[in-house]
2 protein chains.
Amino acid sequence: MLARESDPTGLHRVLDDRLVLPQAAQRLDTRRELWPDEVRIRVEKLNLDAASFRQLERKHAGDGERIRAEVLEIVAARGKMQNPETGSGGMLVGTVEEVGERSPLGLSVGDRVATLVSLSLTPLVIEDGLAGWDGHGEQVPCNGYAVLFGRSIAAVLPDDLPADLALSVMDVCGAPALTARVVEEGMTVAVIGGAGKSGSMSLAAARRAGAGRTIGIVPHQAEGDLLTQAGLADEVVVADARDPIALRDAVVKAGGPADVTVVCVDVPGCEGGAILATAEGGTVVFFSMATSFAAAALGAEGLAADVTMLVGNGYVPGHAADALDLLRADSGVRQLFERRLA
Amino acid sequence: MLARESDPTGLHRVLDDRLVLPQAAQRLDTRRELWPDEVRIRVEKLNLDAASFRQLERKHAGDGERIRAEVLEIVAARGKMQNPETGSGGMLVGTVEEVGERSPLGLSVGDRVATLVSLSLTPLVIEDGLAGWDGHGEQVPCNGYAVLFGRSIAAVLPDDLPADLALSVMDVCGAPALTARVVEEGMTVAVIGGAGKSGSMSLAAARRAGAGRTIGIVPHQAEGDLLTQAGLADEVVVADARDPIALRDAVVKAGGPADVTVVCVDVPGCEGGAILATAEGGTVVFFSMATSFAAAALGAEGLAADVTMLVGNGYVPGHAADALDLLRADSGVRQLFERRLA
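J.: Report on helix α6 (residues 221–230) of chain A, specifying residues and quantitative values.
T.: All names here are of chain A. Where α6 is concerned, the buried positions are Gly 224, Leu 226, Leu 227 and Ala 230. Taken end-on, α6 shows its buried residues confined to a sector of 160°, consistent with a single buried face. Those residues of α6 that are exposed and aimed more than 90 degrees away from the buried face are Ala 222 and Gln 229. One or two positions beyond α6, positive phi appears at Gly 231, with a value near 65°.

So this is what it looks like as structure tokens:
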């Protein structure tokens with residue numbers, strides 16, 4: 001019997017004494033039986049978050065047996081794969097096994113899906129002891145089940161693209177979606193980290209949204225050559241994004257300042273340069289997890305810069321489908337992604 | 001001799017090995033001598049940022065002597081008052097002592113001004129050991145000097161309002177200005193920390209911008225009574241903003257979810273609740289310096305929440321004058337501010 005009523009956030013599966021959201025919980029209820037708005041997935045693969053896997057690798061000095069043992073321990077203890085050190089999870093691939101009668105996710109039994117919410121809040125049971133994984137690498141073959149809540153997100157994997165390629169696109173699909181929302185016809189758009197996964201997608205999204213000029217900023221010439229070959233930016237500029245004055249000057253020289261600046265590079269200290277590279281009245285979208293809230297807020301104030309600053313929300317409705325379309329339509333994007341998987 | 005050329009951002013006073021903006025710098029050059037576009041202020045008072053002061057208070061268990069000693073240490077070591085933990089600063093009041101021949105700020109010697117850029121990027125020398133401060137409270141009597149750059153902002157204190165009152169309004173003038181930009185006719189607006197300084201101003205700004213319903217969220221009944229008396233919110237709700245479900249339910253009960261949620265309360269952990277209290281397609285404005293970028297970004301993604309999240313930029317052109325007008329026009333706001341100063 002399901003005594004508690006379900007909540008779309010998954011609150012009803014939190015076992016902690018203090019009521020917190022699943023992501024913040026120490027332990028989740030992993031019972032197989034579904035609440036009416038839930039979906040159960042038969043898991044085939046876990047995709048561990050890079051920061052999490054790296055921490056485990058360091059801790060166990062690369063010993064695959066011990067890494068595997070710790071992942072099993074974490075999932076058994078917490079009912080979810082959330083690295084206690086990094087707080088991060090990852091995503092998973094699997095097949096829909098059962099759909100609750102009131103699930104709003106639009107999934108059907110048999111759909112092959114990737115989850116777009118973090119493993120750090122997804123109830124998970126591993127049933128094969130991860131026998132197919134040697135503990136080396138973030139891709140973890142796995143038999144078991146996971147549960148999605150009413151408000152979770154999962155995307156059906158497309159038939160026309162290799163699963164790994166689709167997955168790596170879905171992993172960053174929030175960035176191009178938000179970029180497309182912000183960019184208007186004729187705008188100048190600068191993307192910091194333009195040759196990376198989220199950066200190249202953002203450049204492609206900006207162009208599709210009608211940007212008048214796109215500027216890709218990369219940290220060194222090798223990345224610049226890649227981006228130039230891919231043909232995704234009108235201007236490719238090599239600059240250190242942590243040096244605010246160098247960044248400002250580089251963007252201005254390439255036709256800026258930018259109406260929209262998208263920060264996609266995962267190094268700390270890019271806030272000031274991004275603000276200075278942006279025109280008065282323009283917008284900065286921060287997609288890097290290395291962004292400091294205080295550095296952005298106080299940086300803009302300290303520069304008397306009238307810019308709108310957005311926290312890059314990884315969720316925009318339809319983001320996964322749109323990102324896959326972008327990849328299909330743009331051979332430059334596809335080329336960059338395939339190169340990264342090779 | 002001034003070897004380096006001045007930059008309006010204050011770059012020429014950064015002493016770090018790596019070239020960063022003054023806000024990000026470990027240490028600033030506090031020499032008295034001015035570059036041609038600078039202004040020197042004789043300081044009479046520092047106004048520490050609330051999050052910064054509270055951190056110091058917690059760290060030193062309210063011991064005023066030790067709090068004062070740490071502020072002195074920070075300013076001596078860094079050449080600016082920037083709390084290393086919170087990254088935030090505050091503002092100052094003083095009198096213009098010298099104006100560089102190429103200063104664009106329009107100030108004259110003898111003007112009594114408040115700085116509207118953060119202390120976290122303002123070169124500062126304390127000359128009286130803060131002898132007039134007992135370490136209790138954010139208002140710090142201080143004799144010393146500070147330097148403004150070409151791009152800094154300072155406002156001359158108005159004649160018709162007591163200085164303390166004007167100052168405490170200017171301190172938070174970015175919040176109502178940005179709120180007014182985001183709120184449209186008929187919207188439901190929730191302000192978390194509605195009885196506080198930035199919160200009450202934001203409520204007043206939302207109403208003036210045409211909000212259909214304003215909801216003020218406060219942590220306990222005493223604050224609720226204050227806010228009710230001031231008449232600034234259509235609904236006053238007592239809720240713990242760190243409890244996401246309690247906050248969501250409280251806002252919904254008061255007529256939400258909100259089209260715009262403004263976070264003005266300086267405690268960590270309010271991101272999830274603010275996101276859940278906001279309608280799909282709505283906007284969350286984070287004005288609290290206690291905001292975590294990662295908690296906001298991952299929180300929204302984990303909840304599949306399609307909300308626009310803004311980093312509260314403390315600078316909007318005309319913000320100080322607008323905020324003073326709001327105070328003059330709204331007796332409820334004035335009452336709350338005067339009460340806080342009493």
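J.: So, the interface of chain A and chain B: which residues are in play, and what are the values?
T.: Counting residues at the interface gives 48 residues for chain A and 51 residues for chain B. Between chain A and chain B, the buried area comes to about 4300 Å², and carbon and sulfur atoms account for 62% of it. The largest contributions to the chain A side of the interface with chain B come from Arg 151, Phe 293 and Val 311 of chain A, which together make up 18% of the buried area. Counting every contact that joins chain A to chain B gives six salt bridges. Taking the shortest distance from any N to any O, the salt bridge between Asp 306 of chain B and Arg 181 of chain A comes out at 3.0 Å. Inspection of the chain A/chain B interface yields 13 residue pairs in polar contact (both at pLDDT 80 or more). Within the residue set of the side of chain A that touches chain B, elements represented by two or more residues are α7 (244–253), α8 (271–276), β11 (278–286), α9 (293–302) and β12 (308–311) of chain A. Broken down by element, the side of chain A that touches chain B gets its largest block of residues, ten residues, from α9 of chain A. Within the side of chain A that touches chain B, the residues separate by chemical class into 28 nonpolar, eleven polar and nine charged.

J.: Report on the pairing of strand β7 (residues 188–192) of chain B, specifying residues and quantitative values.
T.: All names here are of chain B. The buried fraction of β7 is high, at five of five residues. Alternating residues of β7 divide into Thr 188, Ala 190 and Ile 192 and Val 189 and Val 191, and every residue in both groups is buried. Two strands pair when backbone bridges link them, and β7 and strand β8 (residues 213–218) are joined in this way by five bridges, in the parallel orientation. Note on β8: the bridge partner recorded for Ile 192 is Ile 217. A crossover links β7 with its parallel partner β8, the connecting element being helix α5 (residues 197–208), and its sense is right-handed. Pairing between β7 and strand β10 (residues 258–263): four bridges, direction parallel. Pairing of Val 189 across the sheet is with Val 260, part of β10.

J.: Describe the relation of the copies chain A and chain B, and please don't skip the residues or the numbers.
T.: When chain A is fitted to chain B, the residual RMSD is 2.3 Å, and the transformation amounts to a turn of 179° plus an axial shift of 0.6 Å. Interpreted geometrically, this transformation is the action of a two-fold axis. No C-alpha of chain A lies nearer the rotation axis than that of Leu 310 of chain A, which sits 2.4 Å from it.

J.: Go over the packing of aromatic side chains, please, and point to the residues and values.
T.: The final tally for this structure, using the stated rule, is zero aromatic pairs over all chains. Here the guanidinium or amino end of Arg 32 of chain A rests over the ring plane of Tyr 145 of chain A, the centre of that ring lying 5.7 Å away.

J.: For the sheet that holds strand β2 (residues 90–99) of chain A, give the residues involved together with the corresponding values.
T.: All names here are of chain A. Taking strand neighbours across the sheet as the criterion, the six strands line up as β4-β5-β1-β2-β3-β6 in an open arrangement whose pairing is antiparallel. Edge positions in the sheet fall to β4 (124–126) and β6 (154–156), since each of these pairs with one other strand and no more. With strand direction ignored, the average angle separating the axes of adjacent strands in the sheet is 35°. Looking at chain direction, β4 and strand β5 (residues 139–148) are connected through three bridges and run antiparallel. Bridge pairing in β5 links Leu 124 to Ala 146.

J.: Break down the pattern of salt bridges for me, with residues and values.
T.: All names here are of chain A. Under the criterion given, the structure shown has 46 salt bridges over all chains. Of the charged contacts, one joins Glu 127 and Arg 42 as a salt bridge, the two residues approaching to 2.6 Å between their closest N and O atoms. In this pair, Glu 127 sits in the loop between β4 and β5 while Arg 42 sits in strand β1 (residues 39–48), placing the two residues 85 residues apart along the sequence. Taking the relative accessible area as the measure of exposure, Glu 127 reaches 44% and is therefore partly exposed. The salt bridge partner of Arg 328 is Asp 160, with a shortest N-O separation of 2.6 Å. Note that Arg 328 is positioned in helix α10 (residues 319–329) and Asp 160 in the loop between β6 and α3 (163–170), a separation of 168 residues in sequence. Classification of Asp 160 as partly exposed rests on a relative accessible area of 45%. The network of salt bridges with common partners includes Arg 32, Arg 40, Arg 42, Glu 97, Glu 98 and Glu 127.

Thresholds applied
- Residues numbered from 1 in each chain as written.
- Chains lettered and ligands numbered in written order.
- Predicted model: local features only at pLDDT ≥ 70, side-chain atom pairs only at ≥ 80, totals over all residues.
- Heavy atoms only, no water.
- Buried < 20%, exposed > 50% of the residue type's maximum accessible area, 1.4 Å probe, protein only.
- Helix = DSSP H or I, 4+ residues; strand = E, 2+ residues; numbered from the N terminus.
- Arc of directions from axis to C-beta.
- Contact = heavy atoms within 4.5 Å.
- Buried area = accessible area lost by both parts, 1.4 Å probe.
- Salt bridge = Lys/Arg side-chain N within 4 Å of Asp/Glu carboxyl O.
- Polar contact = N/O pair within 3.5 Å; in protein donor to acceptor, adjacent residues only side chain to side chain.
- Nonpolar A, V, L, I, M, F, W, Y, C, P; charged D, E, K, R; others polar.
- Pairing = 2+ DSSP bridges.
- Right-handed = clockwise from strand over helix to strand, strands pointing away.
- Least-squares fit on C-alpha atoms with pLDDT ≥ 70 in both.
- Phe/Tyr/Trp six-rings, centres within 6.5 Å; stacked < 30°, edge-to-face > 60°.
- Lys NZ or Arg CZ within 6 Å of the ring centre and 35° of its normal.
- Axes fitted to C-alpha atoms, helices over the stretch in contact; angles between N-to-C directions.

Geometry only, nothing functional implied.
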